[in-house]
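Chain by chain, the residues:
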Amino acid sequence: MYDVVLLTLGAGCGSPRVPVLSCADALSAGGAKVETVTADSDAEIDAVLDGRRVIVATAADGQLRAVVRRLVRRYAPAPSKRPADLPPNRTIPDLPAIGVLPMDPVGDDLAARLGLPRDPADVAAAVLGEKVRRFDLLRNDGGSVTLDGALVGGTGPSSWRGRVEVDDAVLSDGQDPILACAVGNSTGYTQFDGFPLLTGPDPADGVVEVAVAVPVVTRRLLRQPRLRLEVRRARGRAVAITPRDEEIGYIDDGVEATLSHKRSWWVEPGAWAVYVR
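Not measured: the values here are computed from a predicted model. (Residues numbered from 1 in each chain as written. Predicted model: local features only at pLDDT ≥ 70, side-chain atom pairs only at ≥ 80, totals over all residues. Heavy atoms only, no water.)

A. Looking closely at the sheet that holds strand E5 (residues 132–140). A sheet is described by the order of its strands in space; here six strands give the open sequence E6-E5-E18-E15-E8-E9, paired in antiparallel fashion. What marks the edges here is a single partner per strand, and that holds for strand E6 (145–146) and strand E9 (169–173). Looking at chain direction, strand E8 (residues 162–166) and E9 are connected through four bridges and run antiparallel. Counted as the bridge partner of Arg 163 is Asp 173 from E9. (Pairing = 2+ DSSP bridges. Helix = DSSP H or I, 4+ residues; strand = E, 2+ residues; numbered from the N terminus.)

B. Representation of the packing of aromatic side chains within the structure. Tallying each qualifying case throughout the model produces one aromatic pair. A cation over a ring is seen here: Arg 53 above Tyr 2, with NZ or CZ 3.7 Å from the ring centre. (Phe/Tyr/Trp six-rings, centres within 6.5 Å; stacked < 30°, edge-to-face > 60°. Lys NZ or Arg CZ within 6 Å of the ring centre and 35° of its normal.)

C. Local environment of the side chain of Asp 176. With respect to the helices, strands and loops of the structure, Asp 176 is situated in the loop between E9 and strand E10 (180–184). Side chain to side chain, Asp 176 and Ser 172 meet in a polar contact 3.5 Å long. Polar side-chain contacts of Asp 176 include one of 2.9 Å to the side chain of Arg 232. (Polar contact = N/O pair within 3.5 Å; in protein donor to acceptor, adjacent residues only side chain to side chain.)

D. Molecular detail of the pattern of salt bridges. What the rule picks out here adds up to 22 salt bridges. Arg 65 is the salt-bridge partner of Asp 252, the closest N and O atoms lying 3.2 Å from each other. You can see Asp 252 sitting in strand E16 (residues 248–252) and its partner Arg 65 sitting in helix H3 (residues 61–75), a full 187 residues away along the chain. In this structure, Asp 176 engages Arg 232 in a salt bridge whose closest nitrogen and oxygen atoms are separated by 2.9 Å. A residue pair is termed long-range when its members are at least 10 positions apart, and Asp 176 in the loop between E9 and E10 and Arg 232 in strand E14 (residues 226–236) qualify at 56 residues. (Salt bridge = Lys/Arg side-chain N within 4 Å of Asp/Glu carboxyl O.)

E. Structural detail: the packing of helix H1 (residues 18–29) against helix H5 (residues 120–127). One way to put it is that H1 packs onto H5 with a least axis distance of 8 Å and a crossing angle of 45°. Of the possible angle classes, the one that applies to H1 and H5 is oblique. In this structure, the crossing between H1 and H5 has a hand that is right-handed. Contacts from Pro 19, Ser 22, Cys 23, Ala 26 and Leu 27 in H1 reach Pro 120, Ala 121, Val 123 and Ala 124 in H5. Classifying every residue of the contact of H1 with H5 by side-chain character gives eight nonpolar, one polar and no charged. (Axes fitted to C-alpha atoms, helices over the stretch in contact; angles between N-to-C directions. Parallel < 35°, antiparallel > 145°, perpendicular 65-115°, else oblique. Left-handed = near helix turned anticlockwise from the far one by under 90°. Contact = heavy atoms within 4.5 Å. Nonpolar A, V, L, I, M, F, W, Y, C, P; charged D, E, K, R; others polar.)

F. Structural detail: the sheet that holds strand E2 (residues 33–39). In spatial order, the strands read E2-E1-E3-E4; together these four strands make up an open sheet with parallel pairing. Edge positions in the sheet fall to E2 and strand E4 (99–102), since each has one partner strand and no second. Taken pair by pair, the neighbouring strands of this sheet meet at an average axis angle of 25°, ignoring direction. Summarising the sheet, strand E1 (residues 3–9) and strand E3 (residues 53–58) pair through five bridges and their orientation is parallel. Residue pairing in the sheet places Val 4 in a bridge with Arg 53 of E3. Here H3 sits on the sheet and contacts E1, E3 and E4; the angle it forms with E3, its principal contact strand, is near 155°.

G. Structural context of the nonpolar core. Ranked by internal contacts, the top residues of the largest apolar core, which has 32 residues, are Leu 7, Leu 137 and Trp 272. Of all the elements in the fold, those that place two or more residues in this core are E1, E2, helix H2 (42–48), E3, H3, helix H4 (110–113), E5 and strand E18 (263–275). With six residues, the top contributor of residues to this core is H3. Among all residues touching Trp 272, those that are not within four sequence positions of it are Leu 64, Val 68, Leu 95, Leu 110, Leu 114, Arg 133, Arg 134, Phe 135, Asp 136, Leu 137 and Leu 147. Membership of the second largest hydrophobic core comes to 22 residues, among which are Cys 181, Val 183, Leu 259 and Val 267. (Core = buried A, V, L, I, M, F, W, Y, C linked by side-chain atoms within 4.5 Å. Buried < 20%, exposed > 50% of the residue type's maximum accessible area, 1.4 Å probe, protein only.)

Written out as structure tokens, the structure reads:
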């Protein structure tokens, strides 16, 4: 049977939580050899990516992203050593499938949006099986990846300016005030302050959906000016955001960061996979 690693991320996790123990019991009952590991660094994540089946116990989407990012680093070929059989729309081969064990039984997370099993016994059964689903992956020129999506701006009341391009389409030339820009692979960033941005990002359609929310003042004769929100959308293979402001806050797979220079994301269709029932 399989050797399986149950991987928990984060310093100070302490002893394994109930879902991890329940999943480990189900794996053992299915005949697997199970090891539970807590990783506090990239090097410790790398150490378990050794051919065994891996289940990532996720308390946040950023933890799942951290493991997929290390898989990309492990399997991505150097540009000078690109395999001849690598599809032209990919820079990495198919990554090995992983299991996902959500720590929250009813959480609103990427696992829920992808329709993945949440019950520890169901996760164990999936990993002991052979059925997988493949999803698109967004790589970026900062050396990281995005599984769900990103929201640039939108973390405060102020607007920002920047050039936003999706393939050949220009959603903003850098002159417009932008309240938020959503980069969507899955459906986690479809709204901004209750207002719809993305119309239907699909994590398996091979494209990224991007939306820019721009405030527009409509002036009417003898009436007070009215402010409305204009949303510009496009789908494509890649998106580039070049901020004009010194620094813009953004959220990527639930992880907060700042953007101070051009950042590009591009789609790797069907590059990562999870075990499913």
